[in-house]
Amino acid sequence: MENIHYLEEQFQARIDKGERIEPRDWMPEKYRKTHIRQISQHAHSEIVGMLPEGNWITRAPSLRRKVGLLAKVQDEAGHGLYLYSAAETLGISRDEMTMQLLTGKAKYSSIFNYPTLSWADIGAIGWLVDGAAIINQVMLTRTSYGPYARAMVRICKEESFHQRQGYEIMLTLCKGSEAQKAMAQDALNRFWWPSLMMFGPRDEDSPNTAQSVKWKIKRQTNDELRQRFVDITAPQADYLGITIPDPDLKWNEERGHYDFGKIDWEEFWQVVKGNGPCNKERIAARTDAWEEGKWVREAALAYAAKQAQAVEVKQAV
Amino acid sequence: MSNKTKANNEWPLFEVFIRSKNGLEHRHAGSLHAADASMAIENARDVYTRRQEGVSIWVVESKHIAASNPESSEALFDPAEDKVYRHPTFYELPIELKHI
Ligand SMILES: [Fe+2]
Ligand SMILES: [Fe+2]
């Protein structure tokens, strides 16, 4: 007990000095668990996040839009991989993480449980959802766990094209016909509030924040990040000439920030609990992919084993 | 790493090293699962060189990497601390001397 206490103090001292923690270093069990949970949820979000956008790849309005969206969705698969790998350094297997996702034990960002009803939604997702993700991920490039921070650096380099791709779609629609502009407004109406929820519960309702800040897993709180998102995004909506669906949104000269209205946390918790519009559909799609890919995974292993054997035989002859 | 949980029939894990351009060394880029080395190289190309980040890829199965233990870091690395005589500044020469 005494010993653990000493190790924990030393660990905290390293964090306070700004040192990074690497996979084989001693770490408190709770630090390890928290990271496994957070990194794997982040990975699941990247993977499930491909589904709403994948829905529009075959129906993209031009080849230019199609190659852009395809490349973005492919990037998200890569992000999932970087993050799964980072989580694996903490001693959890990829298969187990997959199982946790499919059985509902692990969560993913609730934003991906909303449907993509029109092409404008692809614009809104790139602009708002990737925009919100970038704010969170830029903070995480300085997180204390080395492999997580390195994955974030790689991801951040790729994200900015995602957001620009989305905003360009919005811009084009907003400069188009009345119907196209209305489509962009409708997408903003539906994705605005869920995007704000992406930063997680209010600080007073998120009991883990203090520990996460102390361990430098997070360097800013949910509310701070959310405020930053609103401050950055509101002028971008003005530029598009569409209206953020919040009558309370107003620049506050005194605070130097935008004030904004109350978030419907009941909706947030309902979606987290599995009652969002697409929760079942998303997990069903992931389950199908896992099950239908089983024979491929097995065949590849069998082939590799045979190849290895052939090499052995050749060497023996 | 070694104490993996419930991996049923996973493809082995590979570490990926990328040379970003000729003249530079291969650097660790990350890791991925693949059935064998050639699949690992193909997958590495798809995830780590989508934007011309590389001209050459090395992969090695993670289990073949031996690593120093952080707990012996002091024993391994501290002895170098007081060997100032391994650095050029340890040797006192007049400043007017050139090219040395
Ligand atoms: Fe991403
Ligand atoms: Fe993205």
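Residues numbered from 1 in each chain as written. Chains lettered and ligands numbered in written order. Predicted model: local features only at pLDDT ≥ 70, side-chain atom pairs only at ≥ 80, totals over all residues. Heavy atoms only, no water.

S.K.: Explain the overall build of chain A to me, please; I cannot follow it from the model alone.
M.R.: When helices and strands are counted, chain A shows 13 helices and 2 strands. For chain A, the C-alpha radius of gyration of 22 Å lies close to 20 Å, the compact-globule estimate for 317 residues. Summarising its shape, the C-alpha atoms of chain A cover approximately 75 × 55 × 35 Å along the three principal directions. Sorting the 317 residues of chain A into buried and exposed places 51% on the buried side. (Helix = DSSP H or I, 4+ residues; strand = E, 2+ residues; numbered from the N terminus. Rg over C-alpha atoms; globule rule 2.2 N^0.38 Å. Buried < 20%, exposed > 50% of the residue type's maximum accessible area, 1.4 Å probe, protein only.)

S.K.: Would you explain helix α11 (residues 265–275) of chain A in this entry?
M.R.: Every α-helical turn comprises 3.6 residues, leaving residues that sit three or four positions apart pointing alike. Residues and elements named next belong to chain A. Those residues of α11 lying buried are Trp265, Phe268, Val271 and Gly274. Where α11 is buried, its residues meet α8 (178–197), α10 (222–240) and α12 (279–292). Between the side-chain oxygen of the N-cap and the backbone nitrogen of glutamate 266 there are 3.2 Å, and the N-cap of α11 in question is aspartate 264. (Contact = heavy atoms within 4.5 Å. Polar contact = N/O pair within 3.5 Å; in protein donor to acceptor, adjacent residues only side chain to side chain.)

S.K.: Explanation requested: the nonpolar core in the structure shown.
M.R.: It is characteristic of soluble globular proteins that their nonpolar side chains tend to be buried jointly. Membership of the largest hydrophobic core comes to 92 residues, with the highest contact counts inside it found for Tyr31(A), Trp127(A), Trp192(A), Leu32(B) and Tyr48(B). Here this core takes 12 residues from helix α6 (residues 119–140) of chain A, the largest share from any one element. (Core = buried A, V, L, I, M, F, W, Y, C linked by side-chain atoms within 4.5 Å.)

S.K.: Any chance you could explain the coordination of the iron ion (ligand 2) here in plain terms?
M.R.: The expected angle between donors at a tetrahedral four-coordinate metal is 109.5 degrees. At an octahedral six-coordinate metal it is 90 or 180 degrees. All names here are of chain A. Listed as protein donors to the iron ion (ligand 2) are Glu76 (OE), Asp130 (OD), Glu159 (OE) and His162 (ND1); their distances from the metal cover 2.0 to 2.2 Å. If you look at the iron ion (ligand 2), its 4 donor atoms make angles of 84 to 169 degrees with each other, and the shape they trace is irregular. The distance between the iron ion (ligand 2) and the iron ion (ligand 1) is 3.3 Å, with glutamate 76 acting as a donor to both metals. A residue pair is termed long-range when its members are at least 10 positions apart, and aspartate 130 in helix α6 and histidine 162 in helix α7 (residues 146–174) qualify at 32 residues. In terms of burial, aspartate 130 and histidine 162 fall into one category: buried. (Donors = N, O, S within 2.8 Å, 3.2 Å for Na, K, Ca; no water. Tetrahedral: all angles 85-135°; square planar, octahedral: opposite > 155°, others 65-115°.)

S.K.: Sorry if this is basic, but what is going on with the interface of chain B and chain A here?
M.R.: Between chain B and chain A, the contact holds 28 residues from the first and 26 residues from the second. Approximately 2,300 Å² of surface area, both sides summed, lies buried where chain B meets chain A, with 50% of it carried by carbon and sulfur atoms. Summed over the shared surface of chain B and chain A, the number is 12 residue pairs in polar contact (both at pLDDT 80 or more). Where the side of chain B that touches chain A is concerned, the elements lending two or more residues are β2 (26–33) and α1 (37–48) of chain B. In terms of residue class, the side of chain B that touches chain A is built from 13 nonpolar, 8 polar and 7 charged. (Buried area = accessible area lost by both parts, 1.4 Å probe. Nonpolar A, V, L, I, M, F, W, Y, C, P; charged D, E, K, R; others polar.)

S.K.: Explain the coordination of the iron ion (ligand 1) to me, please; I cannot follow it from the model alone.
M.R.: Residues and elements named next belong to chain A. The coordination sphere of the iron ion (ligand 1), as far as protein atoms go, consists of Glu46 (OE), Glu76 (OE), His79 (ND1) and Glu159 (OE), spread over 2.1 to 2.4 Å. Taken together, the 4 donor atoms coordinating the iron ion (ligand 1) span angles of 80 to 156 degrees at the metal, a pattern that classifies the geometry as irregular. Summarised as a motif, the one-chain spacing of the donors to the iron ion (ligand 1) is E-x29-E-x2-H-x79-E. Taking relative accessible area as the criterion, glutamate 46 reaches 7% and is therefore assigned buried.

S.K.: Honestly, the sheet that holds strand β3 (residues 56–61) of chain B in this entry has me stumped. Any pointers?
M.R.: All names here are of chain B. Ordered in space as β2-β1-β3, the 3 strands form an open sheet in which the pairing is antiparallel. Lying at the two open borders of the sheet, with one neighbouring strand each, are β2 and β3. The mean angle between the axes of side-by-side strands here comes to 25 degrees, regardless of whether they run parallel or antiparallel. Bridge analysis of strand β1 (residues 13–19) against β2 gives 7 bridges, and the strand direction is antiparallel. Counted as the bridge partner of phenylalanine 14 is leucine 32 from β2. (Pairing = 2+ DSSP bridges. Axes fitted to C-alpha atoms, helices over the stretch in contact; angles between N-to-C directions.)

S.K.: Which parts of the structure should I look at to understand the packing of aromatic side chains?
M.R.: Remark: the centre distance and the inter-plane angle together describe each pair of aromatic rings, the angle taken between the planes. Residues and elements named next belong to chain A. In this structure the tally under the stated criterion is 13 aromatic pairs over all chains. Taking 4.9 Å as the distance between ring centres and 75 degrees as the angle between the ring planes, the aromatic pair formed by phenylalanine 268 and tryptophan 269 counts as edge-to-face. Residue classification places phenylalanine 268 among the buried residues on the basis of a relative accessible area of 7%. Site record: aromatic cluster; members linked through ring pairs are Phe11, Trp26, Tyr31 and Trp215. It is arginine 154 that lies over the ring of tyrosine 82; its NZ or CZ is 5.8 Å from the centre. Positioned over the ring face of tryptophan 290 is arginine 297, at 3.6 Å from the centre of the ring. (Phe/Tyr/Trp six-rings, centres within 6.5 Å; stacked < 30°, edge-to-face > 60°. Lys NZ or Arg CZ within 6 Å of the ring centre and 35° of its normal.)

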